[in-house]
Amino acid sequence: MAYSEKVIDHYNNPRNVGTLNKDSKFVGTGLVGAPECGDVMRLQIEVGEDNVITDAKFKTFGCGSAIASSSLATEWLKGKTIDEALSIDNMDIVEELALPPVKIHCSVLAEDAIKSAINDYRVKNGLEAIVLEKSHH
Amino acid sequence: MKQPIYLDNNATTPLDPRVLEAMLPYFTEKFGNAASRNHAFGWVAEEGVDYAREQVAKLIGCTEKEVIFTSGATEADNLAIKGVFEMYKDKGNHIITALTEHKAVLDTCKHLEKNGARVTYLGVKEDGLIDLAALEAAMTPETILVSIMYGNNEIGVIQPVKEISAIAHRYGALFMTDATQAVGKIPVDVNADGIDLMAFSAHKMYGPKGVGALYVRRKNPRVKVTSQMDGGGHERGMRSGTLNVPGIVGLGKACELCRLEMESEAVRLSALRDKLESTLNKMEESYVNGNTQHRLPHVANISFKYVEGEGLMMAMSDLAVSSGSACTSASLEPSYVLKSLGLSDDLAHSSIRYGLGRFTTEEDIDHAIEITQKAVNHLRELSPLWEMFKEGIDLSKIEWAEH
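Numbering of residues starts from 1 in every chain and runs along the sequence as written. Working convention: letters from A go to chains and numbers from 1 go to ligands, in the order in which they are written. Local features are withheld for residues below a pLDDT of 70 in this predicted model, meaning they are given only at 70 or higher, and side-chain atom pairs are given and counted only at 80 or more; totals for whole chains, interfaces and linings count all residues.

- Going by the annotation in an unreviewed UniProt entry, the name recorded for chain A is Iron-sulfur cluster assembly scaffold protein IscU, with Pedobacter ginsenosidimutans given as the source organism.
- UniProt positions are given in the numbering used here, feature names are shortened, and annotations may be inferred rather than shown by experiment. The UniProt entry for chain A carries the following comment under Sequence similarities (unreviewed entry): "Belongs to the NifU family."
- Quoted verbatim from the Function (unreviewed entry) field of the UniProt record, the comment on chain A reads "A scaffold on which IscS assembles Fe-S clusters. It is likely that Fe-S cluster coordination is flexible as the role of this complex is to build and then hand off Fe-S clusters."

As structure tokens, then:
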């Protein structure tokens, strides 16, 4: 199976690899997936004034599509408000990266990571966690 | 485009130019049907087949009449297991095999279970070898066949075939082995090893794809299998179908070359493999999978913890290898062979198989080491698990969101 050019680009030049201070109250951290399943994503957001995401970082254990999905997610997150970020759908990632059906779970994981990071931020700041639909992938 | 370095010789091997040369006339001027008994075209083709049969027999220490040509090892496995089950069903219905077998054996056994067979799938020890006591304990008066592979395709371990066949015979069962990875790589002698049926294939030993053979013992005991392909009664009635003459000639030549070069080649390849393996094993958190004493000379299977195999292969695009991770399959299940060794799923997902071959050079190995080290380090920089490991976090204590 050949990877799409966009997957290869994100894989070779991953955007925003790194770690933000998970103890900061401006930082939300999402850690999703499981080593047994072959993919784990950690996605972090830093939120500034007006709920705007000022920075996003990721680290991913997984295949090329998983790495590309999380790299793309961080790219999209920067500059978005939290509400805008919540509207990112896994199918947007599938479309942008031209993921084949067997790799859709990678995009689902990225969406989960975004929502999980947002929830972590919300809880830290005294807000209620958003109830997430249980995704199956 | 520069070709990647090919280190996937357990999947298939390139055709040796000497094999191709032997095959070529049989596509063109020597095109006859080996079953045409009444003219020179047929005789010439038959001669080619007969000579190949001798070359094959010589490699595995049998007589020419015991070699049945097939389309490959999968067909030979099917013919052996289904053929024995049907032929000996009055004697019993029990078959013993192992969890680490190739799918051609496992799925054939599963198929027979639907037709009344009882199959025992033996587990293996941590090093991938069969537990002989467990095998013996599984033998029953109804056991008609023990089918255990010679050398494993994923980790390269060599099973104690002599001991296994002795146990099978002591209980009156036949011993069959899928020797696809072993024949041509290490000395295999059907008499010394007590083998009654043996499947193997040309394309794993520098021959062409689409041709293989089943060895069927004719003496002590005389083994019979029912044919799985009916028709003109070729191959002593066990496998009908016009013989693939160029392929068979290629298999014969491949066997001859392996017989002549195996000894020095095994020394050369195991030295290269050991260099690759010991260097990579010096990397932090890398683990060699399978028994390292009893194994094929050209295989190394290594897990690089905290990186995922498929992602790793993508980072090593200049290297053609394979991984025990199967992120593409719907189930996301990693290699069942590695799991049978008791490897945790995450280590199985992190495994890379290196299969060296006749055309692998020391330069290739040096490059492979460099490429692997670079890729593993790169992916560990991207890996949250590596970061957590480095921070001293116990990953087994984390509640992962299973998906």
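Now that the structure has been shown, we can carry on.
1. Notes on the overall build of chain A
Part 1 of the argument: Working definition: helices are DSSP H or I runs of at least four residues, strands are E runs of at least two. Numbering for both runs from the N terminus. The secondary structure content of chain A amounts to 5 helices and 3 strands.
Part 2 of the argument: In this setup the radius of gyration rests on C-alpha atoms only. A globule is expected at 2.2 Å times the number of residues raised to 0.38. Expected size for 137 residues packed as a compact globule is a radius of gyration near 14 Å; at 14 Å, chain A falls within 12% of this value.
Part 3 of the argument: Its C-alpha atoms give chain A principal-axis dimensions of about 45 × 30 × 25 Å.
Part 4 of the argument: Three classes are used. A residue is buried when 20 or more other C-beta atoms lie within 10 Å of its own, exposed when 12 or fewer do, and partly exposed in between, with C-beta atoms placed from the backbone. The buried share of chain A, taken over its 137 residues, is 52%.
Part 5 of the argument: Working definition of a contact: two residues with C-beta atoms, positioned from the backbone, lying within 7 Å. Expressed as a percentage of contacts within chain A between residues at least 6 apart in sequence, the contacts between residues at least 24 apart total 62%.

2. So, the overall build of chain B
Part 1 of the argument: When its secondary structure is counted, chain B shows 12 helices and 13 strands.
Part 2 of the argument: Compactness check: chain B gives a C-alpha radius of gyration of 22 Å against a globular reference of 22 Å for 403 residues, within 12% of the reference.
Part 3 of the argument: When its C-alpha atoms are laid out on the principal axes, chain B stretches across 75 × 55 × 35 Å.
Part 4 of the argument: Here chain B, with 403 residues, has 52% of them falling under the buried criterion.
Part 5 of the argument: Taking the intrachain contacts of chain B between residues at least 6 apart in sequence as the baseline, contacts between residues at least 24 apart amount to 73%.

3. Details of the pairing of strand E3 (residues 94-98) of chain B
Residue and element names in this part refer to chain B.
Part 1 of the argument: Summarising burial for E3: 5 of the 5 residues are buried, a large majority.
Part 2 of the argument: Taking every second residue as pointing to the same face, both faces of E3 are buried, with His 94, Ile 96 and Ala 98 on one and Ile 95 and Thr 97 on the other.
Part 3 of the argument: Two strands make a pair as long as DSSP finds a minimum of two bridges between them. Pairing geometry for E3 and strand E4 (residues 118-122), over 5 bridges, is parallel. Bridge pairing links Ala 98 to Leu 122 in E4.
Part 4 of the argument: Handedness of a crossover: with both strands directed away from the viewer, a clockwise path from the first strand across the helix to the second marks it as right-handed. Note that the unit made of E3, helix H4 (residues 103-113) and E4 has a crossover that is right-handed.

4. Structural notes on the UniProt feature "domain: NIF system FeS cluster assembly NifU N-terminal" (unreviewed entry) in chain A
Part 1 of the argument: As recorded in UniProt, the sites labelled "domain: NIF system FeS cluster assembly NifU N-terminal" (unreviewed entry) are residues 2-125 of chain A.
Part 2 of the argument: Helix makes up 45% of residues 2-125 of chain A and strand makes up 21%, while its end C-alpha atoms are separated by 43 Å.

5. Focus on the interface of chain B and chain A
Part 1 of the argument: In this assembly, 26 residues from chain B lie in contact with 25 residues from chain A.
Part 2 of the argument: Of all the secondary-structure elements, those providing two or more residues to the side of chain B that touches chain A are helix H8 (309-315), helix H10 (345-349), helix H11 (362-382) and helix H12 (384-390) of chain B.
Part 3 of the argument: Under the grouping applied here, Gly and all other residues not named as nonpolar or charged are polar, the nonpolar ones being Ala, Val, Leu, Ile, Met, Phe, Trp, Tyr, Cys and Pro and the charged ones Asp, Glu, Lys and Arg. Here the side of chain B that touches chain A is built from residues that sort into 13 nonpolar, 6 polar and 7 charged.

6. Examining the packing of helix H4 (residues 90-97) of chain A against helix H5 (residues 104-124) of chain A
Residue and element names in this part refer to chain A.
Part 1 of the argument: One can describe the packing of H4 onto H5 by two numbers: an axis separation of 8 Å at closest approach and a directional angle of 130°. It follows from the interaxial angle that H4 and H5 lie oblique. Between H4 and H5 lies a crossing whose hand is right-handed. Only Ile 104, Ser 107, Val 108, Ala 110 and Glu 111 of H5 make contact with H4, whose side of the interface consists of Asn 90, Ile 93 and Val 94.
Part 2 of the argument: Class assignment of the residues belonging to the contact of H4 with H5 gives a composition of 5 nonpolar, 2 polar and 1 charged. Each axis is a line fitted through C-alpha atoms, and for a helix only the stretch in contact is used; angles between axes span 0 to 180 degrees, taken between their N-to-C directions. In this scheme, roughly parallel covers angles under 35 degrees and roughly antiparallel covers those over 145, while 65 to 115 is roughly perpendicular and the rest are oblique. Left-handed describes a crossing whose near helix is turned anticlockwise from the far helix by less than a right angle; the clockwise case is right-handed.

7. A closer look at the sheet that holds strand E12 (residues 322-323) of chain B
Residues and elements named next belong to chain B.
Part 1 of the argument: The sheet built from 4 strands is open, its strands ordered E9-E10-E13-E12 with antiparallel pairing. Edge positions in the sheet fall to strand E9 (286-288) and E12, since each has one partner strand and no second.
Part 2 of the argument: Pairing geometry for strand E10 (residues 299-304) and strand E13 (residues 351-355), over 5 bridges, is antiparallel. Across the sheet, residue Val 299 finds its bridge partner in E13, namely Gly 355.
Part 3 of the argument: This element, helix H7 (residues 245-281), spans E9, E10 and E13 of the sheet and lies at about 10° to E10.

8. Some remarks on the environment of Ile369(B)
Residues and elements named next belong to chain B.
Part 1 of the argument: Examined against the element boundaries, Ile 369 turns out to sit in helix H11.
Part 2 of the argument: By the C-beta count within 10 Å, which is 17 here, Ile 369 ends up partly exposed.
Part 3 of the argument: Taking the C-alpha atoms as reference, Ile 369 lies 8.7 Å from Glu 277; in sequence the two are 92 residues apart.
Part 4 of the argument: Residues within four places of Ile 369 in sequence aside, it is in contact with Leu 276, Thr 279 and Leu 280.

9. A short note on unusual backbone geometry
Part 1 of the argument: In this structure, Pro221(B) follows Asn220(B) across a cis peptide bond, with omega equal to -5°.
Part 2 of the argument: For Pro221(B), the position within the fold is in the loop between strand E8 (212-216) and H7.
Part 3 of the argument: The phi angle at Asn51(A) is positive, at roughly 60°, despite the residue not being glycine.
Part 4 of the argument: Residue class for Asn51(A) comes out partly exposed when judged on the 14 C-beta atoms lying within 10 Å of it.
Part 5 of the argument: Despite not being glycine, Ala98(A) shows a phi value in the positive range, around 50°.

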